[in-house]
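# Coordinate inspection notes
One-letter residues, chain by chain:
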Amino acid sequence: MSQDGVGIDLETSLGYLLKEASSALRTAMEEVLRPLGMSVTHYSCLELLAQRPGLSNSELARGAFVTRQTMNVLLQALERAGHVTRPTQAPVGKALPTRLTPRGRQSLEQASAAVRSVEARMLSGLTETEQSEAFRVLQSMVRSLHAEHDGA
């Protein structure tokens, strides 16, 4: 509780600190991606496709934490830029599986290096053990929130 007994004490709220860390991480990532002509969402889309080729618009939107509409606009731009390809017709159902092109892979390599530098800077004050513990704790928090949300 805050000093007046109402609300949350932002100085001690773990949720607020996580949001602040998330915002700082996103800002730092945007700063290193901007010179490459990318946003965090653009980078996330390319990274997802490199790891899971053939994802649909909906799957990419979920993975990048954006709406399907936002992802569709991004995919159209990435397709025009030659970074991804999508079939004109869905092989099965309605989903158009998206794949990286060689040009998209090259852009992703540069972006991944930039993002790794941000993550290294973020973790630079932690020992390897502390990094592992932080990872474990954050995973546990995510699982707990998903379990509560999913009705488990």
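Let me begin by describing the structure that accompanies this report. Treat the numbers as computed from the prediction; the structure is a model and nothing was measured.

### Quick notes on the pattern of salt bridges
Throughout the structure, instances matching the rule amount to three salt bridges. Among the ionic pairs, Arg86 bridges to Glu79, the shortest N-O distance being 3.4 Å. Given the relative accessible area of 15%, Arg86 is considered buried. The exposure class of Glu79 is partly exposed, given its relative accessible area of 30%.

### Some remarks on the layout of surface pockets
Considered as a void within the structure, the largest pocket measures approximately 2,000 Å³ in volume. As for the largest pocket, its lining consists of 39 residues, and the residues nearest its centre are Ser22, Leu25, Glu119, Met122 and Leu138. The residue makeup of the lining of the largest pocket, split by class, is 23 nonpolar, 10 polar and six charged.

Conventions used here
Residues numbered from 1 in each chain as written. Predicted model: local features only at pLDDT ≥ 70, side-chain atom pairs only at ≥ 80, totals over all residues. Heavy atoms only, no water. Salt bridge = Lys/Arg side-chain N within 4 Å of Asp/Glu carboxyl O. Buried < 20%, exposed > 50% of the residue type's maximum accessible area, 1.4 Å probe, protein only. 1 Å grid on protein atoms, 1.4 Å probe; cavity = no way out; pocket = protein on both sides within 12 Å on 5 of 7 lines; lining within 4 Å. Points joined across faces, edges and corners; volume = space filled by probe spheres on them. Nonpolar A, V, L, I, M, F, W, Y, C, P; charged D, E, K, R; others polar.

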